[in-house]
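Tertiary structure, described
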Amino acid sequence: MSRSKLSLIGLIGMVALVAACGGDPSTATVEDGGEVVIEASEYQFTPDTIEVTAGSTVTFVIRNTGQLRHEFMIGREVRVTDGAKDGFTMDFFHDLEPVVVPADAVMEDMDMDTDTTMGDMEGDEHMDHGFMVVRQPDEEASITVTIPEDAVGDWEFGCFVEDGAHYEKGMMGTLTVVEG
Ligand SMILES: [Cu+2]
């Protein structure tokens, strides 16, 4: 066997070892009372797989490390309005009372004409989106919530800025709620 082949095998072995030792940075498990920092950038969430336990109280810190405005929503069944993906049909936070710091990071549902413009929300209308946190570059916000027992199962989180383009480009992840 050639020397270059041997060193290639060695390299593959080392890469596998590093991957095994470092854990998977895209997966996080949050303990009761713990927090996970979720970095939002173009166009992904890191980590993109989060596991929490029903009955526990956890904090999601949404940190925008990118160059664009990003959103954070959790739900089930991506909703399409006028051909654009704009959120979830089922809102994870519905009936929950998440505590958000700073409070103005939360975009409330609004009852307004879709042609009404509001700062950079122009052309990006989804006013009945359910619970949503919005962060500009270099901003962050924490969402503290107690995970209900009936939330066991898989949920999705996503960013639907630019008529769902961010979601299409990969700004999505999975939140798994396991039984406590
Ligand atoms: Cu985004």
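What you see is a predicted model, and the numbers here were worked out from it, not measured in a lab.

A look at the overall build of the chain
- Counting secondary structure elements, the chain contains two helices and 13 strands.
- Here the chain holds 180 residues, and the buried ones make up 41% of them.
- Look at the contacts in the chain between residues 6 or more apart in sequence, and 68% of them connect residues 24 or more apart.
- Carbon and sulfur atoms form 52% of the exposed surface of the chain, whose accessible area is close to 9900 Å².

Some details on a negative patch on the surface
- A contiguous patch of negative charge on the surface is contributed by Asp95, Glu149, Asp150 and Glu179.
- Summarising the element assignment, aspartate 95 is placed in the loop between β7 (84-91) and β8 (99-101).

Things to note about the pairing of strand β2 (residues 35-41)
- Both β2 and strand β5 (residues 57-64) contribute to a ladder of six bridges, which runs parallel. Each bridged residue has a counterpart across the sheet, and for isoleucine 38 the counterpart in β5 is isoleucine 62.
- Between β2 and strand β3 (residues 44-46), which pair antiparallel in sequence order, lie two residues.

Here we look at the coordination of the copper ion
- Coordination of the copper ion by the protein involves His70 (ND1), Cys159 (SG), His166 (ND1) and Met171 (SD), with metal-donor separations of 2.0 to 2.4 Å.
- In this structure, the copper ion is coordinated by four donor atoms arranged in tetrahedral fashion, with angles at the metal of 88 to 133 degrees.
- Mapped onto the polypeptide sequence, the residues donating to the copper ion form the spacing pattern H-x88-C-x6-H-x4-M. Pair noted here: cysteine 159 is in the loop between β12 (153-158) and α2 (165-168) and methionine 171 is in the loop between α2 and β13 (172-178), with a separation of 12 residues, a long-range link. Methionine 171 shares its class with cysteine 159; the two are buried.

Things to note about the packing of aromatic side chains
- Under the definition given, this model contains nine aromatic pairs.
- Measuring from centroid to centroid gives 5.3 Å for phenylalanine 92 and phenylalanine 93, while their planes differ by 85 degrees, and the two rings are edge-to-face. For the pair shown, phenylalanine 92 and phenylalanine 93 are each scored as buried.
- A connected cluster of aromatic rings, assembled from ring pairs, spans Phe45, Phe60, Phe72 and Phe157.
- Lying over the aromatic face of tryptophan 155, arginine 76 brings its terminal NZ or CZ to 3.7 Å of the ring centre.

Description of the sheet that holds β3
- Read from one edge to the other, the open sheet built from five strands follows the order β3-β2-β5-β11-β8, with strand pairing classed as mixed. On the outer flanks of this sheet lie β3 and β8, each paired with one strand and no other. Strand-to-strand, the axes of this sheet are offset by a mean angle of 20 degrees, without reference to chain direction.

What to know about the layout of surface pockets
- The calculated volume of the second largest pocket comes to roughly 150 Å³.
- Class assignment for the residues of the lining of the second largest pocket results in five nonpolar, two polar and three charged.

Topic: the environment of arginine 69
- Take arginine 69: it is sitting in the loop between β5 and β6 (70-81).
- When the C-alpha atoms of arginine 69 and valine 134 are compared, they prove to be 7.2 Å apart, with 65 residues separating the residues in sequence.

Calculation criteria
- Within any chain, residue numbers begin from 1 and follow the written order of that chain's sequence.
- Where totals are concerned, whole chains, interfaces and linings use all residues; where local detail is concerned, this predicted model gives features only for residues with pLDDT of at least 70, and gives and counts side-chain atom pairs only at 80 or more.
- Where side-chain values are given, they derive from all heavy atoms of the structure, hydrogens and water being excluded.
- Every helix listed is a DSSP run of H or I at least four residues long, and every strand listed is a run of E at least two residues long, numbered separately from the N terminus.
- A 1.4 Å probe rolled over the protein chains alone gives each residue an accessible area, and that area as a share of the maximum for its type sets the label: buried under 20%, exposed over 50%, partly exposed in between.
- In what follows, residue pairs with any heavy atoms lying within 4.5 Å of each other are defined as contacts.
- To measure how exposed things are, a 1.4 Å probe is used in the Shrake-Rupley method; for residues, cover is taken only from the protein chains shown.
- Patch building starts from residues that exceed 30% relative accessible area and form no salt bridge, then joins like charges within 9 Å and nonpolar side chains (Val, Leu, Ile, Met, Phe, Trp, Tyr) within 5 Å.
- For this document, the term salt bridge refers to a Lys or Arg side-chain nitrogen within 4 Å of an Asp or Glu carboxyl oxygen.
- Counting rule applied: Lys, Arg positive; Asp, Glu negative; His and chain ends not counted.
- The atom standing in for a charge is NZ when the residue is Lys, CZ when it is Arg, CG when it is Asp and CD when it is Glu.
- Any two strands with at least two DSSP-identified bridges between them are counted as paired.
- Here a donor is any nitrogen, oxygen or sulfur atom (N, O, S) within 2.8 Å of the metal, with 3.2 Å used for Na, K and Ca; water is not among the atoms considered, so some sites may look incomplete.
- All geometry calls rest on donor angles, where a four-donor set with angles between 85 and 135 degrees is tetrahedral, four- and six-donor sets with opposite donors more than 155 degrees apart and all others between 65 and 115 are square planar and octahedral, and all else is irregular.
- Pairing of aromatic rings covers Phe, Tyr and Trp, the last through its six-membered ring, and needs centres within 6.5 Å; plane angles under 30 degrees mean stacked, over 60 mean edge-to-face, and all others mean tilted.
- Each ring is checked for a lysine NZ or an arginine CZ that lies within 6 Å of its centre and within 35 degrees of its normal; such an atom marks a charge sitting over the ring.
- Axis definition: a line fitted to C-alpha atoms, over the contacting stretch in the case of helices. Angles run 0 to 180 degrees between N-to-C directions.
- The definitions used throughout rest on a 1 Å grid laid over the protein atoms alone, on which a cavity is an enclosed set of points accommodating a 1.4 Å probe that cannot get out and a pocket is an open set flanked by protein within 12 Å on both sides along at least five of seven lines; lining residues are those having an atom within 4 Å of a point.
- Grid points are joined across faces, edges and corners, and a volume is the space filled by probe spheres set on the points.
- Asp, Glu, Lys and Arg are counted as charged, while Ala, Val, Leu, Ile, Met, Phe, Trp, Tyr, Cys and Pro are counted as nonpolar; the rest, among them Gly, fall into the polar class.

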